[in-house]
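# Results of the structural survey
Residues per chain, in single letters:
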Amino acid sequence: MPGVASDTVGNGALVPFSDDTKDSLAVYPLHHGLAPPISRLAISWSRGNSLRVSLFASPSSSEPSSTSDDQSGGKVLEVKLGVGDPEISDSRWRQIAYGSVAPFALLQSRRSALSAMMNSSSPYQMDWWEHMLEYSKDITSLLGGPKLPPSPIIEEPTDIVKKGEEPTCLKAAWELLEIFYADKQSQAWLPERLVDWLADYDSLFSSTQETVYGKLALFQKELVNIQVIEDDPRYWQVMSSALSVGWLDIVVKMLRLHGSYQQDQLSNRELENGLVEAVAVLISKTPRLCHESTIGKLGELFKSKPDFIKAWEKWRSQITKLDCSPFWIQCDNRRTREGLRNLLQIMLGNTESLCSATCYWIELYISHFLYIRPFTMGIESMYNLAQKCIQLKPPSSNHKLTGLMIVILEENTEVVLAESSREFGPWLVAHAIELLTAGSEQAEIVLHEERDNLGGISMIELHRLVYAQVLSTHELTWQIAPIYLTSCMKQGMGLLENLLYRQSVQHNDLLLKNIEICRLYQLDHISSDIMKVAGVYHWKHGHKGAGVYWLQQSQDTSRLNRIAQQLFDSVGKSISDESFKQWEGLIELLGSESKPAGGLEFLHKYRDFKKSLQQVYSGKSMDAARQAVVSLLLLMKNPSTPQRFWLPLLYDSLKLFNWQECPLLNVSEINLLLNKLQELSSARLHPHFSEPNLPAEALSSIRLALATNLGRAILDE
Amino acid sequence: MAATAMLQPERPIVHRLPQHKCIDAVRWLPQLSPFDRFAVLAAFDTDSGSSSIEIHSLKPNPLSLQPHSSFSSSSRVSSLRASQFLQKTVVAASTAAGSLHILFSDPADARFESELSVPEEEGLHSVPGSCVDLMDGGVECVTVGEDGRVNLVSIGNSNLSYRRLFDSGGLVSYTAAKWASPVEFATGGYGFSLQWWDQRKPGGPVSQFKANWDQKFCAGIVHSIDIHPSRKHTCLAGGSLGTVFAWDLRWQQQPIILSGAGAGAGAGNTGVQSISESEVWDVQYDRCIKSSATSTRILPAMICSEDGILAVIEQGEEPIELLAEPCAINSFDIDHHNPSDVICSLEWEAVAILTRQ
């Protein structure tokens with residue numbers, strides 16, 4: 001913890017750093033505003049990538065200097081580690097996390113449906129490719145809007161580079177993985193897809209090196225200041241660069257800016273213009289293998305390879321013919337002549353021209369696909385070609401996308417994972433691993449193999465767990481972590497239980513969302529535990545009703561019994577007529593007798609007894625009196641009625657025993673009550689017996705009343 | 001097939017608008033001009049840990065919400081109401097820390113002009129959780145809480161004054177409140193309990209409802225109550241386990257179950273459809289659907305739930321699902337002026353606006 005160990009206030013470094021570690025240390029000052037000296041320092045992990053640093057001022061020093069008003073004894077600071085992703089903000093990351101839940105869940109359910117059928121013969125295998133591609137496309141659409149922005153209504157003729165939505169490295173990486181692993185259907189035109197990929201994402205490389213996109217953007221800016229465009233060497237340079245990476249639309253558009261097209265000059269520059277136009281036509285007729293992303297682009301599209309090869313040969317011969325044409329000698333504009341012939345050289349695949357037109361190795365690599373080896377090749381030869389391009393244009397600095405490209409071509413699944421994880425973080429790995437398993441059977445075995453060095457889990461599970469941990473640390477994303485955890489066979493459930501236990505029970509909304517997750521994954525034992533925790537929490541904070549509710553929901557009879565004991569203390573004192581309304585709600589909550597209420601069951605009968613007794617006192621109804629007697633006997637017979645309530649209950653019932661019209665209790669009932677009194681007097685000898693708060697003569701008056709009632713009852717019988 | 005296709009109501013047009021903040025509650029503001037429409041959002045920004053109550057204006061083509069005016073609140077908003085009072089828009093918000101904020105805005109420009117509040121130190125409610133309802137016409141608020149307190153807050157010109165109508169001392173907790181008339185209101189709580197209160201009769205609820213649900217039917221928590229101005233004797237309540245029920249004061253102790261996981265178990269409630277099995281967070285009478293129901297039937301109601309359902313339910317009819325999201329829908333509001341428009345807040349930091357045809 002280098003940042004914390006050094007203290008800005010200057011009361012000495014707490015940890016001495018040795019010289020040899022100094023280079024790897026970064027020291028960050030911490031502004032805590034406490035007066036020195038600091039007596040104690042505690043560091044712990046907070047949510048996410050934050051550290052919680054607690055600083056305690058020494059108590060002796062703060063005492064004399066307490067003249068300053070807000071002199072505090074300590075401070076707790078949150079220190080955020082890492083600057084995050086400069087390209088994608090935290091809230092954008094969360095949006096991506098939310099959006100990827102549905103595609104991921106769909107793919108998992110399809111996978112389990114497939115493995116349920118088990119005999120995954122070829123027809124299912126076919127389906128599986130489609131599912132995988134659909135998944136990949138869903139994720140792609142999540143990472144950014146459509147590639148092509150809606151074209152403006154009035155298109156500026158000088159608008160060369162269109163600026164769409166800012167591309168991100170994350171999306172570029174995803175598409176790269178899709179091209180190589182998921183889209184098996186279009187393996188045949190993999191190079192074609194790479195050409196399109198570079199067209200979309202070349203701008204990203206501008207951060208570390210010169211790119212064709214960067215050159216174009218720069219030229220675009222200066223375009224307004226250029227008088228005679230074809231005399232500017234940059235015009236020709238930029239065009240050759242754009243052509244080398246196959247941006248045909250841009251090159252044709254730029255060629256049409258050539259001065260010879262201007263009306264007033266057309267007559268005396270007819271020949272020159274003819275050559276420019278011929279080249280433009282040839283460029284726009286470049287044969288291309290057709291797939292979905294080439295639609296709407298320049299070039300002649302061919303669906304089948306034989307047709308394409310035939311057209312390619314024809315196209316090349318046309319270029320050669322033009323290159324050897326005698327018109328060049330007649331063209332007197334040197335720059336136009338040289339520029340156009342250079343463009344032809346690029347189309348003919350002249351290595352030197354390509355090398356000087358492109359800026360870095362990936363561009364050179366793409367130009368090879370376009371003009372030298374336009375036919376499909378295996379990954380191995382693609383790798384060799386990449387090596388050759390790297391030799392021709394050694395990279396001056398490393399970009400994370402070039403790194404990814406190289407490891408993909410190296411065909412080592414584990415290295416691809418490691419690289420993606422290092423450069424693009426856990427989200428990409430957790431989701432892209434699905435694509436990698438689709439790559440080959442061998443990759444699937446490597447990723448699903450359980451490894452001892454990972455604690456018996458597979459690579460796939462490891463990366464999902466890592467991602468789920470990242471989700472779990474944020475208060476808004478923890479709810480989607482269970483989707484990833486439940487797809488982990490070995491350790492997912494254990495971590496899910498941890499996650500659920502860790503959530504706060506303080507707020508009902510959160511608690512209920514937590515319980516809902518338990519319900520979804522049938523984790524009844526966890527939800528029951530969570531409800532117990534919530535019950536105890538509410539009980540301790542004085543929300544007795546809420547506490548009882550949650551303990552009831554979790555069917556925790558033993559705790560209900562325990563809290564019942566506490567509750568009775570207040571019942572005995574305060575269930576006077578005035579506060580009865582407060583109790584009523586709680587008693588209602590206990591619900592019907594079939595519900596587990598533990599010792600609280602007593603309260604129900606007590607309520608009924610009190611109610612009828614109230615009626616007796618107010619209206620003297622005979623029925624109410626009889627009802628009260630029934631309730632009293634139920635209470636006295638019930639083992640859950642605490643012993644200390646016996647005397648107050650009997651004392652409350654004096655009026656019933658002394659009922660004027662007739663004795664309300666028969667002989668056996670009186671005997672029961674007398675027995676209880678007997679039990680009570682023997683219990684009194686027990687050291688822990690607590691004397692009820694009743695008048696001294698209570699016991700004797702109860703005895704007297706019972707005796708009177710007994711006498712009358714015997715007479716009646 | 002053709003017949004069912006014709007009967008199938010047209011799907012509403014849905015716009016999902018990411019907010020990059022957690023939206024705890026959402027309400028339409030009373031509309032005073034046909035051109036400007038505003039909604040009030042209670043937002044929580046996890047990056048900065050700050051809460052705010054924000055007025056957003058609704059812009060068409062493409063539909064979007066533009067931040068318009070904002071008030072920063074001391075803690076997360078637990079419930080939010082908007083009403084109109086003397087040519088002013090009044091927004092009431094209760095917070096998780098137990099404070100209450102009353103915000104006034106001039107309807108002409110819909111910006112917050114002044115604010116009155118009962119800070120948490122004053123002990124309106126002890127933590128956690130409280131709920132507020134603003135009387136139509138906005139002169140008085142009722143606030144209830146898990147701490148079992150029932151307060152009436154009168155809104156004055158420059159101050160708020162409150163009196164405690166009842167304090168259960170935590171024996172009973174309240175989780176929802178709704179005015180029925182200027183003197184009566186209903187509250188809800190644990191165990192699907194409902195209470196009916198009358199300001200003129202202090203000392204406790206006038207009437208209590210606690211049905212002895214069928215044994216299979218577990219009790220839950222009431223999250224939201226609505227009372228229709230034309231039928232003040234009926235309380236509509238939504239809560240746990242997808243339960244929506246109505247309590248008719250004239251038929252006490254016999255709930256009319258409209259939806260729920262245990263629906264169909266109770267006598268007289270057979271054939272009740274259940275559209276959701278999880279928490280119903282919000283419930284409101286749907287002012288859009290003109291019901292063919294006779295006066296004995298419960299009016300159609302809209303609900304939103306933890307499992308991402310926004311739907312209209314009607315007694316004895318198939319529920320109509322308006323939205324099925326992969327995440328929870330935490331609150332919604334039907335526009336009083338254009339009842340076909342519904343705004344709702346989604347768990348995944350977004351707001352959805354629906355237009356029904």
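Residues numbered from 1 in each chain as written. Chains lettered and ligands numbered in written order. Predicted model: local features only at pLDDT ≥ 70, side-chain atom pairs only at ≥ 80, totals over all residues. Heavy atoms only, no water.

## Concerning the interface of chain B and chain A
The following threshold applies: Contacts: residue pairs with any heavy atoms within 4.5 Å of one another. The term buried area denotes the loss of accessible surface (1.4 Å probe radius) that occurs when two parts are joined, taken as the sum for both partners. By definition, a salt bridge exists where a carboxyl oxygen of Asp or Glu is found within 4 Å of a side-chain nitrogen of Lys or Arg. Counting of polar contacts relies on pairs of N or O atoms within 3.5 Å, with two restrictions inside protein: one atom must be capable of donating a hydrogen and the other of accepting it, and residues adjacent in sequence are counted only when both atoms are side-chain atoms. Side-chain classes follow a simple rule in which Ala, Val, Leu, Ile, Met, Phe, Trp, Tyr, Cys and Pro form the nonpolar group, Asp, Glu, Lys and Arg form the charged group, and the remainder, Gly included, forms the polar group.
Counting residues at the interface gives 46 residues for chain B and 41 residues for chain A. With both sides pooled, the region where chain B packs onto chain A buries about 3,700 Å², and carbon together with sulfur makes up 54% of that total. The largest per-residue losses of area from chain B upon contact with chain A belong to Leu171(B), Tyr190(B) and Trp348(B), which jointly make up 20% of the total buried on that side. Our enumeration of links across chain B and chain A arrives at 6 salt bridges. Note that Asp47(B) and Arg94(A) form a salt bridge whose closest N and O atoms lie 3.4 Å from each other. Our enumeration of links across chain B and chain A arrives at 15 residue pairs in polar contact (both at pLDDT 80 or more). Across the side of chain B that touches chain A, the residue classes tally to 16 nonpolar, 18 polar and 12 charged.

## Details of the pattern of salt bridges
Here is the rule: The way it works is that DSSP assigns letters per residue, a run of H or I at least four long becomes a helix, a run of E at least two long becomes a strand, and they are numbered from the N terminus. Exposure is judged per residue with a 1.4 Å probe applied to protein chains only, and the accessible area is read against the type maximum: over 50% gives exposed, under 20% gives buried, and values in between give partly exposed.
With the rule as written, the count across this model stands at 44 salt bridges over all chains. Where Arg193(A) meets Glu178(A), a salt bridge forms, and the shortest distance between an N and an O atom there is 3.3 Å. Of the two residues, Arg193(A) is situated in helix 7 (residues 190-201) and Glu178(A) in helix 6 (residues 169-182); the sequence distance between them amounts to 15 residues. In terms of burial, Arg193(A) and Glu178(A) fall into one category: buried. Linked by salt bridges that have partners in common, Arg94(A), Asp47(B) and Glu349(B) make up one network.

## Some thoughts on the nonpolar core
The condition is simple: Only buried residues count toward a nonpolar core. Its members are Ala, Val, Leu, Ile, Met, Phe, Trp, Tyr and Cys residues joined through side-chain atoms within 4.5 Å.
Counting residues in hydrophobic clusters, the biggest one holds 165 residues, and the most contacted among them are Phe180(A), Trp197(A), Leu255(A), Trp550(A) and Leu310(B). Tallying contributions element by element places helix 19 (residues 413-439) of chain A first for this core, with 12 residues. With residues up to four places along the chain from it excluded, the contact list for Leu310(B) reads Met302(B), Ile303(B), Cys304(B), Ile320(B), Glu321(B), Leu322(B), Leu323(B), Ile329(B), Phe332(B), Val342(B), Cys344(B) and Leu354(B). Residues Tyr606(A), Leu613(A), Leu635(A) and Leu664(A) belong to the second largest nonpolar core, which totals 60 residues.

## Topic: the confidence of the model for chain A
Residues and elements named next belong to chain A. Using the following cut-off: Here pLDDT means the predictor's own confidence in every residue, given as a number from 0 to 100.
Of all residues in chain A, 82% have pLDDT values of 70 or greater, and the mean over the chain is 80. Here helix 1 (residues 2-5) stands out as the element of chain A with the lowest mean pLDDT, 39, in contrast to helix 22 (residues 481-485), whose mean of 93 is the highest. Confidence drops under a pLDDT of 50 for residues 1-14, and excluding neighbours within four residues, the segment shows 28 contacts in the predicted structure. A low-confidence stretch, residues 62-70 stays under pLDDT 50, and its non-local contacts, those more than four residues away or across chains, total 2 contacts.

## Thoughts on helix 34 (residues 698-716) of chain A
All names here are of chain A. Our working rule: Helix span, as expected, comes to 1.5 Å for every residue beyond the first. When we speak of the arc, we mean the arc of directions from the helix axis to the C-beta atoms.
With 19 residues, helix 34 ought to run about 27 Å at 1.5 Å a step, and its terminal C-alpha atoms sit 27 Å apart, in line with that. Among all positions in helix 34, only Ala698, Leu699, Ile702, Ala705, Leu706, Asn709, Leu710 and Ala713 are buried. Buried residues of helix 34, viewed axially, fall in a sector of 140°; they line one side. Opposite its buried face, helix 34 presents the exposed residues Leu704 and Leu715, each directed more than 90 degrees away.

## Observations regarding unusual backbone geometry
Residue and element names in this part refer to chain B. In this structure, the amide linkage connecting Asn61 to the following residue, Pro62, adopts the cis form with an omega of -15°. Considering the arrangement of structural elements, one finds Pro62 in the loop between strand 4 (50-59) and strand 5 (64-73). At Phe192, a residue that is not glycine, the phi angle is positive and equals roughly 50°. Topologically, Phe192 is positioned in the loop between strand 15 (184-189) and strand 16 (194-198).

## Brief notes about the packing of helix 11 (residues 270-284) of chain A against helix 12 (residues 305-323) of chain A
Residues and elements named next belong to chain A. Worth spelling out the cut-off: Orientation is described by axes fitted as lines to C-alpha atoms, over the contacting stretch for helices, and by angles from 0 to 180 degrees between their N-to-C directions. By definition in this entry, angles of less than 35 degrees are roughly parallel, angles greater than 145 are roughly antiparallel, angles of 65 to 115 are roughly perpendicular, and the rest are oblique. Less than a right angle of anticlockwise turn of the near helix away from the far helix marks a crossing as left-handed, whereas a clockwise turn marks it as right-handed.
It is at 11 Å that the axes of helix 11 and helix 12 come closest, and there the two elements cross at 165°. In terms of orientation, helix 11 lies roughly antiparallel with respect to helix 12. For the element pair helix 11 and helix 12, the recorded crossing hand is left-handed. Facing Leu275, Ala278, Val279 and Leu282 of helix 11, the residues of helix 12 in contact are Trp315, Gln318, Ile319 and Leu322. When the residues that make up the contact of helix 11 with helix 12 are grouped by side-chain class, the tally is 7 nonpolar, 1 polar and no charged.

## Description of the sheet that holds strand 3 (residues 38-45) of chain B
Backbone hydrogen bonds are what pair the strands of a sheet, in a parallel or an antiparallel way. Residue and element names in this part refer to chain B. Applicable threshold: At least two DSSP bridges between two strands are required for those strands to pair.
Read across the sheet, 4 strands follow the order 2-3-4-5 without closing on themselves; strand pairing throughout is antiparallel. Every interior strand has two partners, whereas the edge strands, strand 2 (22-28) and strand 5, have only one. Neighbour-to-neighbour, the strand axes of this sheet turn through a mean angle of 25°, independent of strand direction. Bridge analysis of strand 4 against strand 5 gives 9 bridges, and the strand direction is antiparallel. From the neighbouring strand, Ile53 faces strand 5, where its bridge partner is Phe71.

## Notes on the sheet that holds strand 22 (residues 280-285) of chain B
Residues and elements named next belong to chain B. In spatial order, the strands read 22-23-24-25; together these 4 strands make up an open sheet with antiparallel pairing. One side of each edge strand has no neighbouring strand; the edge strands of this open sheet are strand 22 and strand 25 (320-324). Averaged over all pairs of adjacent strands, the angle between their axes in this sheet comes to 15°, without regard to strand direction. Here 4 bridges tie strand 24 (residues 309-313) to strand 25, and the two strands are oriented antiparallel to one another. Across the sheet, the residue bridging to Ile309 is Ala324, located in strand 25.

## Quick notes on the environment of Ser230(B)
Residues and elements named next belong to chain B. Mapped onto the secondary structure, Ser230 falls in the loop between strand 18 (222-228) and strand 19 (231-239). Measuring from C-alpha to C-alpha, the distance between Ser230 and Gly148 comes to 29 Å, with 82 residues separating the pair along the chain. Within the structure, the side chain of Ser230 is placed 2.9 Å from the side chain of His228, a separation counted as a polar contact.

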